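Now for the letters of each chain:
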Amino acid sequence: MRNFTEQVRNGHILTEHEMRKAAQQMLAEETAPAEIREFLIELHTRGEQAPEIAGLVAELLARTEHIPSGGHELMDVCGTGGDKSYSFNISTATAFVLASLGVKIAKHGNRSVSSKTGSSDLLEALGVDVNVAADRFSGVIKNAGLAFLFAPAVHPAIGRLRDVRKSIDTPTIFNLAGPLANPSDITYQVTGVYRQDKMRPMAEALQKLGRTRGAVLHGAGGMDELSLAGTNHVLLFNKTGITEYTVHPHEVGLDVRPVEALRGGDAQQNAQIFRSLIGGGESAYQDAVALNAGLALYVAGRVSCVAEGVKEAKGSLTSGRTAETYRKLAVQEVSS
């Protein structure tokens, strides 16, 4: 472990193979937490790069059970966390909207590590199973349109690193790798990052991991979601290239709102916000979810532009279609 730490300290960018070896050391029971902590800090200080992110993801996926997609083209929507905005779980709500509009969602999520309430915390408060077994996954996707995969359950090896990560006052490479380590076959991916300089490494890592199309975004006000606070930066990518793109709320028919307008709370408070949201009430939360869903619909090729996607998403929220998708999933989990 110390050898890899020294290489990173000296500016060396680890290859995918080297990063897999480093990951094996991090995940080994005999490696001291202090050594892991030092390595993660040095990586963050120098700046995590695409081969390192992809290498860590590859090692995590090699250690978990692959979950077949059941022939569906799947999308994952998630953020890295680490933006310190303490916002409502926008990407989780976005997943329900997308599923209601026919996009099959395999959402990979976790409990809170660097935020107040993680996606799994919210879903448990809503009575949704966050640990779908591999043999049930395709059936849940078929019947409800989405399924949630609890990261610690599908990646048990990283559980021992939770305390190490919490002891570090900055996000680590696990914030970047986690959203990419979905154990199912993901065709489309939309991932938010907490810093703009992390966007290109993430997009390049997703290309290396074989995503057909996707977007990496950094929101106005430093959010890891598309924000209502101003101009949002996006990298659209496919297997052959990366294109820079911006999205401003006014361009898609939405009002500008401060980051604070999207603040959430604990799991129970966020569950209340979610229920109000799918009840169709107008709010900054509705606009933010519609904005993020609009981009995801565009990435999936369901609409011709983000503005059209925002309109579709708002229609789902106000008509009750998103609420019906939530009810379907809750019934599916109870009956399975």
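Bear in mind that the values here come from a model prediction, so they are computed numbers and not experimental data. (Residues numbered from 1 in each chain as written. Predicted model: local features only at pLDDT ≥ 70, side-chain atom pairs only at ≥ 80, totals over all residues. Heavy atoms only, no water.)

What to know about the overall build of the chain
How we decide: We count a stretch as a helix when DSSP gives it H or I for four or more residues in a row; a strand needs E for two or more, and each element gets its number in order from the N terminus. The globule rule used here is 2.2 Å times the number of residues to the 0.38 power, and the radius of gyration it is set against is calculated over C-alpha atoms. To sort residues, take the accessible area from a 1.4 Å probe on protein chains only and compare it with the maximum for the residue type: under 20% means buried, over 50% means exposed, and anything in between is partly exposed. Whether two residues touch is decided by their heavy atoms; if any such pair falls within 4.5 Å, the residues are in contact. All accessibility values rest on the Shrake-Rupley procedure with a 1.4 Å probe; residue burial counts only the protein chains present in the view. Only four residue types enter the tally: Lys and Arg on the positive side, Asp and Glu on the negative side, with His and both chain ends excluded. Lysine's charge is taken at NZ, arginine's at CZ, aspartate's at CG and glutamate's at CD.
Each helix and strand in the chain was counted, giving 15 helices and seven strands. For a compact globule of 336 residues, the expected C-alpha radius of gyration is about 20 Å, and the chain comes in at 19 Å, within 12% of that figure. Considered along the principal axes of its C-alpha atoms, the chain spans approximately 55 × 45 × 40 Å. Put simply, the chain has 336 residues, and 58% of those count as buried. Taking as baseline every contact in the chain between residues at least 6 positions apart, the subset at least 24 positions apart corresponds to 73%. Split by element, the accessible area of the chain, about 12,900 Å² in all, is 46% carbon and sulfur. Put simply, the chain has 34 plus and 37 minus side-chain charges, and the middle of one group is 2 Å from the middle of the other.

Focus: the environment of F274
Structurally, F274 is set in helix α12 (residues 267-278). Its relative accessible area of 0% is what places F274 among the buried residues. Between the C-alpha atom of F274 and that of M1, which follows or precedes it by 273 residues, the distance is 43 Å. Dropping the residues within four chain positions of it, F274 is found in contact with F88, A93, F96, L126 and Y326.

A word on helix α11 (residues 199-208)
Within the sequence span of α11, burial applies to M199, P201, M202, A203, A205 and L206. In this structure, the buried residues of α11 make contact with α4 (50-62), α10 (173-177), β4 (186-192), β5 (213-218), β6 (232-238) and β7 (242-247). Directly beyond the C-terminal end of α11, a positive phi value near 90° is found at G210.

Topic: the packing of helix α5 (residues 90-100) against helix α13 (residues 284-299)
Threshold: All axes here are fitted lines through C-alpha atoms, helices being fitted over the stretch that makes contact, and every angle between N-to-C directions spans 0 to 180 degrees. Should an angle lie under 35 degrees it is considered roughly parallel, over 145 roughly antiparallel, and from 65 to 115 roughly perpendicular; all remaining angles are considered oblique. Note on convention: near helix rotated counterclockwise from far helix by under a right angle means a left-handed crossing. Clockwise means right-handed.
In the contact formed by α5 and α13, the axes pass within 9 Å of each other and the chain directions differ by 60°. With respect to α13, the axis of α5 lies oblique. Considering only the axes of α5 and α13, their crossing is right-handed. Counted together, I90, A93, T94, V97 and L98 of α5 and A288, V289, N292, A293, A296 and L297 of α13 form the full contact between these two elements.

Considering the environment of I168
Within the secondary structure layout, I168 lies in the loop between α9 (162-166) and α10. Assessed through its relative accessible area of 8%, I168 is described here as buried. Once the C-alpha coordinates of I168 and R37 are considered, the two residues, 131 residues apart in sequence, prove to be 7.4 Å apart. Setting aside its immediate chain neighbours within four residues, I168 contacts R37, L40 and I41.

Quick word on the packing of aromatic side chains
For clarity, the threshold we go by: Stacked, tilted and edge-to-face are the three classes applied to pairs of Phe, Tyr and Trp rings, where Trp contributes its six-membered ring and a pair requires centres within 6.5 Å; stacked means planes under 30 degrees apart, edge-to-face means over 60, and tilted covers the rest. Ring-over charges, as used throughout, are those where CZ of Arg or NZ of Lys falls within 6 Å of the ring centre and within 35 degrees of the ring normal.
Counted according to the given criterion, the structure contains six aromatic pairs. Ring geometry for F274 versus Y326: centroids 5.6 Å apart, planes at 75°, classification edge-to-face. Of the two residues, F274 is situated in helix α12 and Y326 in helix α15 (residues 321-335); the sequence distance between them amounts to 52 residues. As far as the burial class goes, F274 and Y326 line up, both buried. Grouped by ring-pair contacts, the aromatic residues F96, F148, F274 and Y326 constitute a single cluster. One residue, R213, lies across the ring of Y298, its end atom 5.3 Å from the ring centre.

What is shown is where atoms sit, not what they do.
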